[in-house]
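Read off the chains here:
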Amino acid sequence: MTLTLKTKEVALLLGENGSGKSTLLKVLAGLYPYKGTISCTGNADHSDVTGYVFQNPETQIIGSTVWEDVIFGLENIGLKKEEIKKRAEWVLKVVGLYEFKDKDPFLLSGGQKQKLAIASILAMRPEFLLLDEPTAMLDKYDRTAVKELIKEIIRLQKGIIIATHHAEFFFDIAQRVIVLSRGKIIYDGFIENLPEKFINRF
Ligand SMILES: Nc1ncnc2c1ncn2[C@@H]1O[C@H](COP(=O)(O)OP(=O)(O)OP(=O)(O)O)[C@@H](O)[C@H]1O
Ligand SMILES: [Mg+2]
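Note that the structure is predicted; figures quoted are calculated from it, not measured.

Focus on the layout of surface pockets
Consideration 1: Looking at the largest pocket, its volume works out to about 740 Å³.
Consideration 2: In this structure, the largest pocket is lined by 28 residues; those nearest its centre are Leu3, Leu5, Leu28, Ile38 and Ser39.
Consideration 3: For the lining of the largest pocket, the elements supplying multiple residues, two or more each, are α1 (21-28) and α2 (46-49).
Consideration 4: For the lining of the largest pocket, the element with the highest residue contribution is α1, accounting for four residues.
Consideration 5: Class assignment of the residues belonging to the lining of the largest pocket gives a composition of 13 nonpolar, 12 polar and three charged.
Consideration 6: Its boundaries defined by the atoms lining it, the second largest pocket holds a volume of some 520 Å³.
Consideration 7: Gly51, Tyr52, Ser120, Ile121 and Met124 are, among the 19 residues lining the second largest pocket, the residues nearest its centre.
Consideration 8: Elements supplying a minimum of two residues to the lining of the second largest pocket: α2, β2 (50-53), α3 (66-76) and α5 (110-122).
Consideration 9: Ranked by residues supplied to the lining of the second largest pocket, first place goes to α3 with five residues.
Consideration 10: Each residue belonging to the lining of the second largest pocket can be placed in one class, and the counts come to 10 nonpolar, seven polar and two charged.

Structural data, given as structure tokens:
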């Protein structure tokens, strides 16, 4: 499989259950072993420029408060206290969870948990955000809230790949669509050129 990601691009990753979407995202994030090569421009390591957000945000919750959850990764990469505080405040304001910073993450709503999962990864300043079914577990209201957050992240000039079964919901914010079938890319191109047979299919 050959795939080239461009910075600041928004792509949708589609395909049936088990087609390999999550696997591909995890490989890109360095969370899975793989055969082959992944290269980045410059000397960056792909696992440093990508940030993977799990489909079920609860998988990712580590802190006993929203604040602790966000700073966990930042402490792990050895940032200074001041920088950690600055980034945590910034990211919680971006996702609109600052007022809940002392709350137990497990007591947040589904949409808020998804936002927290995105915040914790965004705080690490990845070049590409890899979102695994960010709206799968959400009702209509939270789905829209998460989409608004994704739009905000687009304004921050991040590249974003969204694996989703809600393709049409994201059509207006993405430029590119990648369709997987049994671990292989069967379409990769502009949304406008997406063959009819792939619309409303997954
Ligand atoms: N390129 C590949 N080669 C071999 N096995 C693969 C490949 N991609 C995925 N698999 C295997 O297929 C299974 C399901 O893949 P994965 O969870 O990535 O699917 P998915 O598209 O995310 O499905 P869902 O829509 O249900 O989330 C996993 O067991 C994975 O190891
Ligand atoms: Mg998956």
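Looking at the packing of α3 against α5
Consideration 1: The N-to-C vectors of α3 and α5 enclose an angle of 35 degrees; their axes lie 8 Å apart at closest approach. The way α3 lies across α5 gives a crossing that is right-handed. Contact with α3, carried on its side by Val66, Asp69 and Val70, involves Leu116, Ala119 and Ser120 of α5 and no other residues of that element.
Consideration 2: Among the residues forming the contact of α3 with α5, the class breakdown is four nonpolar, one polar and one charged.

Cut-offs and rules
- All residue numbers refer to positions counted from 1 along the written sequence of the respective chain.
- Both sets of labels track the order of writing: A upward for chains, 1 upward for ligands.
- Under the rules for a predicted model, residues below a pLDDT of 70 receive no local features and side-chain atom pairs below 80 are neither given nor counted, while totals for whole chains, interfaces and linings still include all residues.
- Note that water and hydrogens are dropped before the side-chain values are worked out from all heavy atoms of the structure.
- The rule is simple: put a 1 Å grid over the protein atoms alone, call a set of points where a 1.4 Å probe fits but cannot get out a cavity, call an open set with protein on both sides within 12 Å along at least five of seven lines a pocket, and count a residue as lining if it has an atom within 4 Å of a point.
- Grid points are joined across faces, edges and corners, and a volume is the space filled by probe spheres set on the points.
- The way it works is that DSSP assigns letters per residue, a run of H or I at least four long becomes a helix, a run of E at least two long becomes a strand, and they are numbered from the N terminus.
- Residues were grouped as follows: Ala, Val, Leu, Ile, Met, Phe, Trp, Tyr, Cys and Pro as nonpolar; Asp, Glu, Lys and Arg as charged; and all remaining residues, including Gly, as polar.
- Fitting a line to C-alpha atoms yields each axis, with helices limited to the stretch in contact; the angle taken between N-to-C directions then spans 0 to 180 degrees.
- For a crossing to be left-handed, the near helix must be turned anticlockwise from the far one by less than a right angle; the clockwise case is right-handed.
- Every residue pair with non-hydrogen atoms within 4.5 Å of one another is taken to be in contact.

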